[in-house]
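Summary of the model geometry
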2 protein chains.
Amino acid sequence: MITADLLEKYGASKKFYEKTATVFEEGKLPTHYYQIVSGEIKMNNYNDDGREFIQGIFYKEQSFGEPPLFLNQKYPASAVAVEESQILCLLRSNFMKLLEENPAISIKIIENLAQRLYYKSVMAAEISTHEPEHRVLKLIDHGISYFNFKKDANGFLINFTRQQIGDLTGLRVETVIRAIKALEKKGELKIINRKVYR
Amino acid sequence: MITADLLEKYGASKKFYEKTATVFEEGKLPTHYYQIVSGEIKMNNYNDDGREFIQGIFYKEQSFGEPPLFLNQKYPASAVAVEESQILCLLRSNFMKLLEENPAISIKIIENLAQRLYYKSVMAAEISTHEPEHRVLKLIDHGISYFNFKKDANGFLINFTRQQIGDLTGLRVETVIRAIKALEKKGELKIINRKVYR
DNA sequence: CTTGTTTTATGATTTAAGTCATAAAACGCA
DNA sequence: TGCGTTTTATGACTTAAATCATAAAACAAG
């Protein structure tokens, strides 16, 4: 999103997070702007009996956790490394300075937030009013442009586990497994040795 | 958000929408920036069997429908007047020009989008992993700062119908009615001649 | 290789919320 | 001030998805 050069010019430092390491926690106040150099980060919540909900998954060059940073409010979810990741971290005050001095960046931030709001609108409607199969298919279709699914001879490889799909759509693993099977039977997607293609 | 003066300087015109009139429809491409002068607008979706989901409700001085405007993507939901409303409408190209020539406005847009993303994150987690009572209470609590609930001697008056609460939380009216009764019994809120107070 | 963990899979059972039916109270407007 | 509509309300019942149990396949680590 923002070039590494520019971030470093304002004092950003690169930090390493190993798999399952926490970048920030729900309920804490934001201190930094975060932009992924490499790896994969998920934002998630747990309810009282330990059930996970994944707000989103982010990949290289993407930023995350800005809304509370701008509003100076507590994080509504935690950020956790899904795999080993490198992240550029820039102190809030320096990030704000960067924004002020580089108005063109604002437009990029706006487009990024707009994209995420769009995704959330689509998924909110899905989760509230559609059955499992519809929800799963919508996540996958939206994900083709939103997440980094790679295309090969069989179509787009949906590189999520059934559990992740469940945590992104508010469904249980078993329900996702059954929905995916049903969708395969209907010809909406393919399962090639347990991997899902669309 | 943006002063009426500035919007008008760039050619915005004030339009009147009567109750239930549509401002824009799901699936259409955006053409204008919209900012409410007076009244109340809801953004909603309908699923295949006519069930409604309300994405959000907006009041005077708030804007809505920007994400697709910035991304040049189809609206993921429709916008409908809940009551008679006046809206300032500014053509996309002129709005973009306004933004370019007034960098300070960008920050306001960012804060606004951040606020909405925050609301969506909170509600997504609620809808996916919490029971009806929790969902209703969270909507109400978040709504106290987000929607324009007025405080009086009995507390904040939640001026939503049970149906609207259902459409905002993905629950059916009957479930909302039962959840609200249960919450009253637990002392979490008050019902004074059918009106809900918190 | 072996072993422990994660992921996918399937069947049986339970349950919370949706659905259906019905009605009274409140509201709106002609 | 009367009448149609909307909103709130409650009880009975149905059902879709969650839960529970179990296991095989795949993967990861030592």
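Residues numbered from 1 in each chain as written. Chains lettered and ligands numbered in written order. Predicted model: local features only at pLDDT ≥ 70, side-chain atom pairs only at ≥ 80, totals over all residues. Heavy atoms only, no water.

1. Let's talk about the packing of helix H5 (residues 132-146) of chain A against helix H6 (residues 162-169) of chain A
Residues and elements named next belong to chain A. It is the contact of H5 with H6, at a shortest axis distance of 10 Å, that shows an interaxial angle of 100°. Judged by the inter-axis angle, H5 sits roughly perpendicular to H6. Residues Arg135, Val136 and Leu139 of H5 pack against Ile165, Leu168 and Thr169 of H6. Here the contact of H5 with H6 is built from residues that sort into 4 nonpolar, 1 polar and 1 charged. (Axes fitted to C-alpha atoms, helices over the stretch in contact; angles between N-to-C directions. Helix = DSSP H or I, 4+ residues; strand = E, 2+ residues; numbered from the N terminus. Parallel < 35°, antiparallel > 145°, perpendicular 65-115°, else oblique. Contact = heavy atoms within 4.5 Å. Nonpolar A, V, L, I, M, F, W, Y, C, P; charged D, E, K, R; others polar.)

2. Observations concerning the protein's contact with DNA strand D
Near DNA strand D, the surroundings consist of 17 residues, among which A:Pro132, A:Arg172, A:Thr175, B:Arg162 and B:Arg178 are the closest. Considering the 4 Å shell around the protein, atoms of DNA strand D inside it are sugar or phosphate in 70% of instances. A:Thr175 is positioned with one of its side-chain polar atoms (N or O) 2.2 Å from a phosphate oxygen of DNA strand D. At 3.1 Å, a side-chain N or O of B:Lys181 approaches a phosphate oxygen of DNA strand D. Those elements giving two or more residues to the surface near DNA strand D turn out to be helix H7 (173-185) of chain A together with helix H7 (173-185) of chain B. At 4 residues, the largest contribution of residues to the surface near DNA strand D is made by H7(B). Its residues assigned to classes, the surface near DNA strand D shows 3 nonpolar, 3 polar and 11 charged. (Near = heavy atom within 4 Å. Polar contact = N/O pair within 3.5 Å; in protein donor to acceptor, adjacent residues only side chain to side chain.)

3. Points about the nonpolar core
Membership of the largest hydrophobic core comes to 41 residues, with the highest contact counts inside it found for A:Phe95 and B:Phe95. If one sorts the elements of this core by residue count, helix H4 (residues 103-129) of chain A sits on top with 8 residues. Apart from residues no more than four positions distant in its own chain, B:Phe95 is found in contact with B:Ile2, B:Tyr33, B:Leu69, B:Phe70, B:Leu90 and B:Ile109. (Core = buried A, V, L, I, M, F, W, Y, C linked by side-chain atoms within 4.5 Å. Buried < 20%, exposed > 50% of the residue type's maximum accessible area, 1.4 Å probe, protein only.)

4. Some remarks on the sheet that holds strand S7 (residues 150-152) of chain B
Residues and elements named next belong to chain B. With antiparallel pairing, 4 strands are arranged side by side in an open sheet as S7-S8-S10-S9. Two strands bound the open sheet, and with one partner strand each, they are S7 and strand S9 (190-192). Along the sheet, successive strands turn relative to each other by an average axial angle of 40°, direction set aside. Sheet topology places S9 next to strand S10 (residues 195-197); 3 bridges connect them, and they run antiparallel. Across the sheet, residue Ile192 finds its bridge partner in S10, namely Lys195. (Pairing = 2+ DSSP bridges.)

5. Some thoughts on the relation of the copies chain A and chain B
Mapping one chain copy onto the other needs a rotation about an axis and a shift along that axis. Of the transformation superimposing chain A on chain B, the axial component is 0.0 Å and the angular component is 180°, with the fit at an RMSD of 0.0 Å. Classification of the inter-copy transformation places it as that of a two-fold axis. Of all interface residues in chain A, 100% are interface residues in chain B too; the two copies therefore contact each other through one and the same surface. (Least-squares fit on C-alpha atoms with pLDDT ≥ 70 in both.)

6. Focus: the pairing of strand S4 (residues 52-58) of chain A
Residue and element names in this part refer to chain A. Taking burial as the measure, the 7 residues of S4 include 7 buried ones, the bulk of the element. As paired strands, strand S3 (residues 32-46) and S4 are joined by 6 bridges and run antiparallel to one another. The partner of Lys42 across the bridge, within S4, is Ile57. Linking S3 to S4, which pair antiparallel, is a turn of 5 residues; within it Gly50 sits at a positive phi near 80°.

7. Brief notes about the UniProt feature "domain: Cyclic nucleotide-binding" (unreviewed entry) in chain A
Mapped onto this numbering, the UniProt entry gives "domain: Cyclic nucleotide-binding" (unreviewed entry) at residues 17-116 of chain A. Between the end C-alpha atoms of residues 17-116 of chain A the distance is 24 Å, and the span holds 30% helix and 42% strand. (UniProt positions renumbered as here; feature names shortened; annotations may be inferred.)

8. Considerations on the packing of aromatic side chains
Tallying each qualifying case throughout the model produces 26 aromatic pairs over all chains. Following the ring pairs from residue to residue traces out a cluster consisting of A:Phe24, A:Tyr34, A:Phe58, A:Phe64 and A:Tyr75. (Phe/Tyr/Trp six-rings, centres within 6.5 Å; stacked < 30°, edge-to-face > 60°.)

9. Structural notes on the packing of helix H5 (residues 132-146) of chain B against H7(B)
Residues and elements named next belong to chain B. One can describe the packing of H5 onto H7 by two numbers: an axis separation of 9 Å at closest approach and a directional angle of 80°. Taken together, the axes of H5 and H7 lie roughly perpendicular to each other. Between H5, through Pro132, Glu133, Val136 and Leu137, and H7, the contact on the second element is made entirely by Thr175, Ala179, Ile180, Ala182 and Leu183. Of the residues assigned to the contact of H5 with H7, the class counts are 7 nonpolar, 1 polar and 1 charged.

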